[in-house]
Amino acid sequence: MGLLLVLLLLLPAVLPARCCEPPEGSAGAVRALSARLLGLAGDPARDPDPAVYLALRLAREHDPRLERRYLERLQDAFQRPYGRSLQAHGHSRWDAEHSTYVSAAEPPHTGRLALYLLGLQATCPPASAHRSLVTWLKYYLEEDWTGSRRHGHPLTSYYQYGLGVLALCVHHKRVREEVIRRLLTAQHHGRLGHGGNSVDTEAVVALAFTCLERRRLVGTELAAELRAAAHGASKSMAETQGPDGVIGNIYSTPWALQVFLATGTCQTEPAFGQAMTALLENLEAFGTAATMAQVLPVLHGRSYLDIASMHCQEEPDTLTPLDMEPLAEAPGNKTVQLVVECPLPWCYELRLYDRPVAVPAAASLLDVLQAAAALHPHDFKFHTQDTPQGPFLTQVLGLEARREKRNYWQLLTAPNTPLQMGIADYRPQDGETLILRLSEW
């Protein structure tokens, strides 16, 4: 009787783990998406992307031969900048432990190197492998922080900085407490971004915190702070979930699900199931290699923290690449009304630009912006920044969105509906009015 009571008490703690799995009936759609990403990965014309390799490695089915070839292409791409030691590169006075270094001529590549190191760890290497790359990443984390002394944020972004800390942790490398507290302070003071971009960054930082705490790479007191911060981020994401199940936007939702999975709150948080349903209902939004790579890990019930405990033996060689058919070019043209708004306190005049732009029927919002810049070069100019999720709008008509001013360029379709896709993915309808609005976060 006593044993039965113990089993009954333990039963509720074991069963909820099933809710961390994707819903029944979704396996076919997830497998098809994995096969499509595998097909894109096999295209030699596409530059290799460490995030794509991570998605392939975290899947439940594999094509070992194609994954091996893709890894070789990645290694070729990263061999030139990181094939030499820091000393050979001219940074002999830099010390990873004491944080004294000579500034490099090029900007830090914190996020890109972090993703590459995560990908290498997903191959189950020997413990001492990639020591030189780890040293490079520690160097970038310190150089990246020089921007904060002038601008209040890293030279790259808190997203990339968080990825750097996460990659070091997954490689079981200790991170100086000062580096960790930079992220804790940024989270406590709400400096991690805005909208969907904020969810991405908060999620990466929460994953880094959870990894450091789980792998016991910090002291007891700091571990408790990191655990509380990660669970606070998970709770915050659940509270911001929309009625459609989306958290931030459709592309940031997979990052939120990684946090639920990594922290174990997927077992108790209703937002997890609702967000997973939203992703499965909107799989057509994930049509590029970058966006597929973003969503597939969570559709397989995995987070980047699973890389730290991967076993590479006896992986099923059951996945076949699926070649994607090119999008059929829709015939004819369409006209989109493009509006730029800049409210107080940044501008005295709200509407700065309001003109129709004629583009091909299959044009994306990015195509619309490029057409407007070509049609009215003196009246319309814009700039973007490349991110893992595609181009991000940073400047319109000379007005730059800046973290110090806590503003960003919000994308809306009239009258006031925020877009759930990036500028390269969203394809407006004929006659639609698109608004670029400088907004506060």
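The preceding data block contains the structure.
Remember, predicted model here, so these are calculated numbers, not experimental data.

**Q** Account for the environment of Thr-433, with residues named and values stated.
**A** Along the chain, Thr-433 turns up in strand β8 (residues 433-440). Taking relative accessible area as the criterion, Thr-433 reaches 25% and is therefore assigned partly exposed.

**Q** Lay out the nonpolar core in plain terms, naming residues and giving numbers.
**A** A general feature of soluble globular proteins is that nonpolar side chains tend to end up buried together. Among the nonpolar cores identified, the biggest contains 107 residues, and Leu-118, Leu-166 and Tyr-304 are the most heavily contacted of them. Setting aside residues no more than four positions away along its own chain, Tyr-304 makes contact with Ala-51, Leu-54, Leu-58, Leu-115, Leu-118, Leu-166, Val-170, Trp-255, Gln-258 and Pro-297. Among the nonpolar cores identified, the runner-up in size contains 27 residues, and Leu-366, Val-368, Phe-382 and Tyr-426 belong to it.

**Q** Quick rundown of the side chain of Thr-394? Include the residues and the values.
**A** Structurally, Thr-394 can be placed in strand β4 (residues 390-396). Filtering out sequence-adjacent residues up to four positions away, Thr-394 remains in contact with His-383, Thr-384, Gln-385, Leu-399, Glu-400, Ala-401 and Trp-409.

**Q** Could you give an account of the pattern of salt bridges, naming the residues involved and the relevant values?
**A** One pass over the full model with this rule turns up 15 salt bridges. Among the ionic pairs, Glu-177 bridges to Arg-181, the shortest N-O distance being 2.9 Å. Of this pair, Glu-177 and Arg-181 both sit in helix α8 (residues 177-188), four residues apart, roughly one helical turn. Where Glu-341 meets Arg-437, a salt bridge forms, and the shortest distance between an N and an O atom there is 2.9 Å. Taken together, the residues Glu-341 in strand β1 (residues 333-341) and Arg-437 in strand β8 connect sequence positions 96 residues apart.

**Q** Residues and numbers for α8, please.
**A** If you check α8, its first and last C-alpha atoms are 16 Å apart, about what twelve residues at 1.5 Å a residue would give, namely 16 Å. The first or second residue beyond α8 is Gly-190, which carries a positive phi of 65°.

**Q** Pulling in residues and values, what's your account of unusual backbone geometry?
**A** The peptide bond linking Leu-344 to Pro-345 adopts the cis configuration, its omega dihedral lying at 10°. Counting through the fold element by element, Pro-345 comes out in the loop between β1 and β2 (351-360). Phi angles above zero are rare outside glycine, and Cys-124 is one such case at about 60°. One can find Cys-124 in the loop between α5 (110-121) and α6 (131-151). Although it is not a glycine, Arg-216 sits at a positive phi angle of roughly 55°. Looking at the secondary structure, you find Arg-216 in the loop between α9 (195-214) and α10 (220-239).

**Q** Quick rundown of the sheet that holds β8? Include the residues and the values.
**A** Strand order in the open sheet formed by five strands is β2-β1-β8-β6-β7, with mixed pairing between adjacent strands. In this open sheet, the two edge strands, each paired with only one partner strand, are β2 and β7 (417-418). Here seven bridges tie strand β6 (residues 407-413) to β8, and the two strands are oriented antiparallel to one another. Paired with Thr-413 across the bridge in β8 is Leu-434. Packed on one face of the sheet, helix α14 (residues 365-375) meets β1, β2, β6 and β8 and runs near 105° to β2.

**Q** Quick rundown of the packing of helix α3 (residues 50-57) against helix α13 (residues 289-299)? Include the residues and the values.
**A** Contact geometry of α3 with α13 gives a least axis separation of 8 Å together with a crossing angle of 35°. For α3 against α13, the interelement crossing comes out left-handed. Between α3 and α13, the residues in contact are Ala-51, Val-52 and Ala-55 and Ala-289, Ala-293, Leu-296 and Pro-297, respectively. Split into classes, the residues belonging to the contact of α3 with α13 amount to seven nonpolar, no polar and no charged.

**Q** Break down the packing of helix α12 (residues 270-281) against α13 for me, citing the residues and quoting the values.
**A** α13 packs onto α12 with a crossing angle of 130° between their chain directions and a minimal axis gap of 11 Å. By the angle between their directions, the pair α12 and α13 is classed as oblique. Regarding α12 and α13, the two cross each other, and that crossing is left-handed. When α12 is examined against α13, the residues Met-276, Leu-279 and Leu-280 are found in contact with a partner set consisting of Val-295, Val-298 and Leu-299. Of the residues assigned to the contact of α12 with α13, the class counts are six nonpolar, no polar and no charged.

**Q** So, the side chain of Thr-413: which residues are in play, and what are the values?
**A** With respect to the element layout, Thr-413 can be found in strand β6. When sequence neighbours within four positions are dropped, the list of residues in contact with Thr-413 reads Leu-419, Tyr-426, Glu-432, Thr-433 and Leu-434.

**Q** Before we move on, could you go through α13 and cite the residues and values that matter?
**A** Burial within α13 is extensive, with ten of its eleven residues counted as buried. Along α13, the residues classified as buried are Ala-289, Thr-291, Met-292, Ala-293, Gln-294, Val-295, Leu-296, Pro-297, Val-298 and Leu-299. The positive-phi residue at the C-terminal boundary of α13 is Gly-301, with phi of around 75°.

**Q** For the state of the cysteines, give the residues involved together with the corresponding values.
**A** Considering all chains together, one arrives at three disulfides under this definition. What pairs with Cys-124 in a disulfide is Cys-312, and their sulfur atoms sit 1.9 Å apart. Its S-S torsion of about 80° marks the bond between Cys-124 and Cys-312 as right-handed, since a negative value means left-handed. One end of the pair, Cys-124, is in the loop between α5 and α6; the other, Cys-312, is in the loop between α13 and β1, with 188 residues separating them in the sequence. Since its relative accessible area comes to 30%, Cys-124 is described here as partly exposed. The partly exposed category is assigned to Cys-312, whose relative accessible area is 23%.

Reading the values: the criteria
- Residues numbered from 1 in each chain as written.
- Predicted model: local features only at pLDDT ≥ 70, side-chain atom pairs only at ≥ 80, totals over all residues.
- Heavy atoms only, no water.
- Helix = DSSP H or I, 4+ residues; strand = E, 2+ residues; numbered from the N terminus.
- Buried < 20%, exposed > 50% of the residue type's maximum accessible area, 1.4 Å probe, protein only.
- Core = buried A, V, L, I, M, F, W, Y, C linked by side-chain atoms within 4.5 Å.
- Contact = heavy atoms within 4.5 Å.
- Salt bridge = Lys/Arg side-chain N within 4 Å of Asp/Glu carboxyl O.
- Expected span 1.5 Å × (residues − 1).
- Pairing = 2+ DSSP bridges.
- Axes fitted to C-alpha atoms, helices over the stretch in contact; angles between N-to-C directions.
- Left-handed = near helix turned anticlockwise from the far one by under 90°.
- Nonpolar A, V, L, I, M, F, W, Y, C, P; charged D, E, K, R; others polar.
- Parallel < 35°, antiparallel > 145°, perpendicular 65-115°, else oblique.
- Disulfide = S-S within 2.5 Å.

Worth remembering: the numbers are spatial, not functional.
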